Amino acid sequence: MNASAPVRRLTVLYDAECSLCAFLRDWLLRQPKLVPLEPVPAGSEEARRRFPGLDHGATLDEITVVGDAGQVYRGPAAWVVTLWALREHRPLAHRLSTPAGARLAKGAVLAAARWRGAQWHRGQGGGARWGGTQWGGRVYRRADGWSYDPDGGWSYTAPGCADGSCAPR
């Protein structure tokens, strides 16, 4: 990766099964851009093909943005670089890149994560609270083969390979 290379295109990895993430993807697509943004579902075959060196389980945990020269931004930095790519929001991105702004960006990312977690828990039939205090022992399984176990984190089993008979990726 060349850290000094200019960013000419960004790929935004997002959770396609998260309503907030899908809303933000749609909002991003409608915004005038200074740098092209391409949304790709996190953990998808497309994401794994394009970025084989990424921890794709982690991309489902927090927003990840990849620059065209291999730059990887996660969490608050990913939000800031995404706003930086938008014509009307670049000044905000510059403010969020300061030490004080970084605290605000981190707070926004945490608030979004809490909302996202609350929505996921509602969709799982309740019994779990956000904040790491009680998950109810459930495993969250996605249709694309990714699953989240509160005790073990994210894991991937290729569709049709639930018995472990397929080769690991």
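Structural data are supplied above this passage.
Reading the values: the criteria
Residues numbered from 1 in each chain as written. Predicted model: local features only at pLDDT ≥ 70, side-chain atom pairs only at ≥ 80, totals over all residues. Heavy atoms only, no water. Helix = DSSP H or I, 4+ residues; strand = E, 2+ residues; numbered from the N terminus. Buried < 20%, exposed > 50% of the residue type's maximum accessible area, 1.4 Å probe, protein only. Contact = heavy atoms within 4.5 Å. Pairing = 2+ DSSP bridges. Right-handed = clockwise from strand over helix to strand, strands pointing away. Salt bridge = Lys/Arg side-chain N within 4 Å of Asp/Glu carboxyl O. Axes fitted to C-alpha atoms, helices over the stretch in contact; angles between N-to-C directions. Core = buried A, V, L, I, M, F, W, Y, C linked by side-chain atoms within 4.5 Å.

A. A look at the overall build of the protein chain. What the protein chain contains, in helices and strands, is six helices and seven strands. N-terminal to C-terminal, the α/β element order of the protein chain is β-α-β-α-α-β-β-α-α-α-β-β-β. Across the 169 residues that make up the protein chain, the buried fraction comes to 37%. Looking at the protein chain alone, contacts between residues at least 24 apart form 55% of all its contacts between residues at least 6 apart.

B. A look at the side chain of threonine 82. Looking at the secondary structure, you find threonine 82 in helix 4 (residues 75–84). Setting aside residues no more than four positions away along its own chain, threonine 82 makes contact with Val12, Leu28, Leu37 and Val65.

C. Expanded view of the environment of leucine 29. Tracing the chain through its elements places leucine 29 in helix 1 (residues 19–30). Relative accessible area serves as the criterion here: at 46%, leucine 29 is assigned to the partly exposed category. Residues leucine 29 and leucine 86, spaced 57 residues apart in sequence, show a C-alpha to C-alpha distance of 10.0 Å.

D. Region of interest: the pairing of strand 1 (residues 10–14). A large share of strand 1 lies buried, amounting to five of its five residues. With burial as the criterion, each face of strand 1 is covered, one bearing Leu10, Val12 and Tyr14 and the other bearing Thr11 and Leu13. Taken together, the five bridges between strand 1 and strand 2 (residues 37–41) define a ladder with parallel strand orientation. Counterpart to threonine 11 in the pairing with strand 2 is glutamate 38. Following the chain from strand 1 across helix 1 to the adjacent parallel strand 2, one finds a crossover that is right-handed. Bridging between strand 1 and strand 3 (residues 64–67) involves four bridges; their strand directions are antiparallel.

E. Main features of the environment of valine 80. Within the secondary structure, valine 80 is located in helix 4. The class for valine 80 is buried, based on a relative accessible area of 14%. For the pair valine 80 and arginine 90, spaced 10 residues apart in the sequence, the C-alpha separation amounts to 8.8 Å.

F. Fine view of the pattern of salt bridges. Evaluation of the coordinates by the stated rule reveals five salt bridges. Here arginine 48 and glutamate 45 are joined by a salt bridge, their closest N and O atoms 2.6 Å apart. One end of the pair is arginine 48 and the other is glutamate 45, both in helix 2 (residues 45–50) and three residues apart, which spans about a single turn. Overall, the relative accessible area of 43% leaves glutamate 45 in the partly exposed class. Across the pair arginine 50 and glutamate 46 runs a salt bridge, and its minimum N-O distance is 2.6 Å. Pair noted here: arginine 50 and glutamate 46 are both in helix 2, with a separation of four residues, about one helical turn. Each of Glu38, Glu46, Arg49 and Arg50 takes part in one network of salt bridges that share partners.

G. Geometry of the sheet that holds strand 4 (residues 72–74). Taken in spatial order, the four strands of this open sheet run 2-1-3-4, and their pairing is mixed. Here the strands that pair on one side only, and so sit at the sheet edges, are strand 2 and strand 4. The sheet shows a mean angle of 25 degrees between the axes of neighbouring strands, direction not considered. Along the sheet, helix 4 contacts strand 1, strand 2, strand 3 and strand 4; its crossing angle with strand 4, the most-contacted strand, is approximately 115 degrees.

H. Structural context of the nonpolar core. Counting residues in hydrophobic clusters, the biggest one holds 16 residues, and the most contacted among them are Leu10, Leu37 and Val65. For this core, the secondary-structure elements that each account for two or more residues are strand 1, helix 4 and helix 5 (90–96). Considering each element in turn, this core owes the most residues, four residues, to helix 4. Those residues in contact with leucine 10, other than ones at most four positions away along the chain, are Val35, Pro36, Leu37, Glu38, Val65, Val66, Gly67, Tyr73, Val81 and Ala85. Judged by nonpolar contacts, the second largest core, of eight residues, contains Leu13, Val40, Ala42 and Val66.

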